[in-house]
Amino acid sequence: RRGLAVAIALLVTAALAAAGCGFGAGKGLGEAELTVTRDFGAHRVAAPVHAEVTESDTVMRLLEREAKISTRYGGGFVQSIDGIEGGEQSGRRYDWFFYVNGLESPVGAADYALRGGDSVWWDYRDWSATSSVPAVVGSWPQPFAGSGGKTQPVSLECLGGASACAEVRSRLEQVGALERTSSRHAMTSAFERGGEGSGKHGIRVLVGPWARLRSDPAAAQIESGPRASGVFARFTATSSGSSVLWGLDEAGEPARRFGPDAGLVAATRRGEEPPVWVVTGATGQGIRAAAGLLDSRHLHDHYAVAVEGGKETPLPLASVFVLPMEPTRR
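Rules used throughout
- Every chain begins its residue count from 1, and numbering advances along the sequence as written.
- At least 70 in pLDDT is required for a residue's local features to be given in this predicted model, at least 80 for side-chain atom pairs to be given and counted, and no such filter applies to totals for whole chains, interfaces and linings, which use all residues.
- Side-chain measures here rest on the full set of heavy atoms in the structure, leaving out hydrogens and waters.
- Each helix corresponds to a stretch of at least 4 residues labelled H or I by DSSP, and each strand to a stretch of at least 2 residues labelled E; elements are numbered beginning at the N terminus.
- Type-normalised accessible area, obtained with a 1.4 Å probe on protein chains alone, sets the label of each residue: buried when under 20%, exposed when over 50%, and partly exposed for intermediate values.
- Here, residues are in contact when the closest pair of their heavy atoms is within 4.5 Å.
- The method behind every accessible area is Shrake-Rupley, applied with a 1.4 Å probe, and residues are considered shielded solely by the protein chains displayed.
- Two cysteine sulfurs form a disulfide in these notes if their separation is within 2.5 Å.
- By this definition, two strands are paired if DSSP reports at least two bridges between them.
- The span you would expect from a helix comes to 1.5 Å times its residue count less one.
- Picture the helix axis, draw a direction to every C-beta atom, and the arc is the one those directions span.
- Throughout this description, a polar contact denotes any pair of N or O atoms lying within 3.5 Å of each other; where both atoms belong to protein, one of them has to be capable of donating a hydrogen while the other can accept it, and for residues adjacent in sequence the pair is counted only when both atoms sit in side chains.
- Aromatic pairs are defined between Phe, Tyr and Trp rings, using the six-membered ring for Trp, whenever the two ring centres lie within 6.5 Å; interplanar angles under 30 degrees are classed as stacked, those over 60 as edge-to-face, and all others as tilted.
- Two limits define a charge over a ring: the Lys NZ or Arg CZ must be within 6 Å of the ring centre, and within 35 degrees of the ring normal.
- Salt-bridge detection follows one rule: a side-chain nitrogen of Lys or Arg within 4 Å of a carboxyl oxygen of Asp or Glu.

For the protein chain, the helix and strand inventory stands at 9 helices and 18 strands. Split into buried and exposed, the 330 residues of the protein chain put 50% on the buried side. Pairs at least 24 apart in sequence give 63% of the contacts found in the protein chain among residues at least 6 apart. When the accessible surface of the protein chain is summed, it comes to about 15100 Å², and 51% of that surface belongs to carbon and sulfur atoms.

The following block contains the structure:
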């Protein structure tokens, strides 16, 4: 009888572990943030939450605990969150996409293991312009703050605009990025590179006029539109040789021409390389204005942000009207 009792106890323990109740839940790893929005972050579906995560938690499990969802393809693909379902609307395809620490995930939500400090962002959007937006700025202070007690190397590359670069350095130090990177003896800690690309193994932050940043292969993708870069903005050159910043709409079409002193904060990446952030503009005033956007108040829930005259504009813009763009001069 004693042996039978032990066997039953073991079976109960195993059942509780499988159910995720008490036993088998894994040790606590800290909190993760969950944000759920729609239309490129323009509208919040629910208030952001901070939830404790354990070793067994994934992006999918966190979402299941905090929202009502439905899935497809054996539970590996999120079809709806709180009643908002993927499908076709007015000839355009809408679905749910997620980012962890500002990066598009290479694996599904059910396979992405969470760590303390992670920022998870689900967004329901039109993907007619591009199905892939590899990096966004809307999870600030991620990816710079790190997660799971670890940080990535960060390279601050100043290609002009000294005062703006000093501001960017200060903002990164405030979230611990450059200080932590320096303390870990990373190859590319806080310094000015003057345009030499050495951030291949870490996050790169490029600061300076677009005329110089566009020589960087990762940043240059922005000129080819959102299908190449995931960024719904583009700089073009006028007949006088100056640069003009355009905001694009959800379909990737030009929707607003900004003035000469506009600035831009955006993120992109090439393949599986770490992300590249750009803090840029056509003029020194534009670059300084962009540097002033580096905080949660201005960036959170946004894919990219333009600024002009002290007012920020989340990108992409809503589709209203289309203006012809001047051809890019090379």
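Next comes the rest of the description.
To continue, consider the state of the cysteines. Per the stated rule, a full pass over the model turns up 1 disulfide. A sulfur-sulfur separation of 1.6 Å characterises the disulfide bridge that pairs Cys158 with Cys165. Because the sign of the S-S torsion sets the handedness, a value of about -45° for the bond joining Cys158 and Cys165 places this disulfide among the left-handed ones. Here the two residues Cys158 and Cys165 agree in accessibility, since each one is buried.

Moving on: the pairing of strand 16 (residues 276-281). The side chains of a regular strand alternate between both faces of the sheet. For strand 16, the tally of buried residues reaches 6 of 6 residues, placing the bulk of the element in the interior. Here 6 bridges tie strand 11 (residues 203-209) to strand 16, and the two strands are oriented parallel to one another. Bridge pairing links Gly208 to Thr280 in strand 16. Here 6 bridges tie strand 15 (residues 263-268) to strand 16, and the two strands are oriented antiparallel to one another. Bridge pairing in strand 16 links Val265 to Val279.

This brings us to helix 3 (residues 162-174). With 13 residues, helix 3 should cover 18 Å at 1.5 Å per step; its first-to-last C-alpha distance of 18 Å lies within 8% of that length. Three or more residues of helix 3 are buried, namely Ala164, Cys165, Val168, Arg171 and Leu172. Burial along helix 3 is one-sided: seen end-on, the buried residues are contained in an arc of 120°. Exposed side chains of helix 3 directed beyond 90 degrees from the buried face belong to Ala162 and Gln174. Within two residues after helix 3, Gly176 carries a phi angle of roughly 85°, on the positive side.

On to the environment of Ala32, then. With respect to the helices, strands and loops of the structure, Ala32 is situated in strand 1 (residues 28-38). Here Ala32 falls in the buried class, since its relative accessible area comes to 0%. For the pair Ala32 and Ser147, spaced 115 residues apart in sequence, the C-alpha separation works out to 9.1 Å. What Ala32 contacts, discounting residues up to four positions off in sequence, is Val49, His50, Ala51, Val53, Leu62, Arg115 and Asp118.

Right, let's get into the pairing of strand 1. Direction of pairing for strand 1 relative to strand 2 (residues 43-54): antiparallel, over a ladder of 9 bridges. Bridge assignment links Thr37 to a residue of strand 2, and that residue is Arg44. Between strand 1 and strand 2, which pair antiparallel in sequence order, lie 4 residues; one of them, Asp39, sits at a positive phi of approximately 60°. Here 6 bridges tie strand 1 to strand 9 (residues 119-126), and the two strands are oriented parallel to one another. Among the inter-strand pairings, Leu34 is bridged to a residue of strand 9, identified as Val120.

With that out of the way, let us pick up the side chain of Ser147. Mapping Ser147 onto the fold places it in the loop between strand 9 and strand 10 (154-158). A distance of 2.9 Å separates a polar atom in the side chain of Ser147 from a polar atom in the side chain of Arg115. Every residue in contact with Ser147, bar those within four places of it in the chain, is listed here: Asn101, Arg115, Gly116, Gly117, Asp118 and Gln142.

As a further point, take the packing of aromatic side chains. The full count for this structure, using the stated rule, is 14 aromatic pairs. For the pair Phe98 and Tyr112, a centre-to-centre distance of 6.5 Å together with 85° between the ring planes defines the contact as edge-to-face. With a gap of 14 residues between them, Phe98 in strand 7 (residues 92-100) and Tyr112 in the loop between strand 8 (103-104) and strand 9 connect regions that are remote in the sequence. Tyr112 sits in the partly exposed class, given a relative accessible area of 22%. Positioned over the ring face of Phe97 is Arg125, at 4.0 Å from the centre of the ring.

Per the counting criterion, the structure on display carries 11 salt bridges. Close ionic contact of Asp39 with Arg38 constitutes a salt bridge, the shortest N to O distance being 3.2 Å. Linking Arg204 and Asp216 is a salt bridge whose minimum nitrogen-to-oxygen distance equals 2.4 Å. With Arg204 in strand 11 and Asp216 in the loop between helix 5 (210-213) and helix 6 (217-220), the pair connects residues that are 12 residues apart, well separated along the chain. Here Arg204 falls in the buried class, since its relative accessible area comes to 10%. Exposure remark for Asp216: the relative accessible area of 12% places this residue in the buried category. A single salt-bridge network, built from bridges that share partners, covers Glu157, Arg204 and Asp216.

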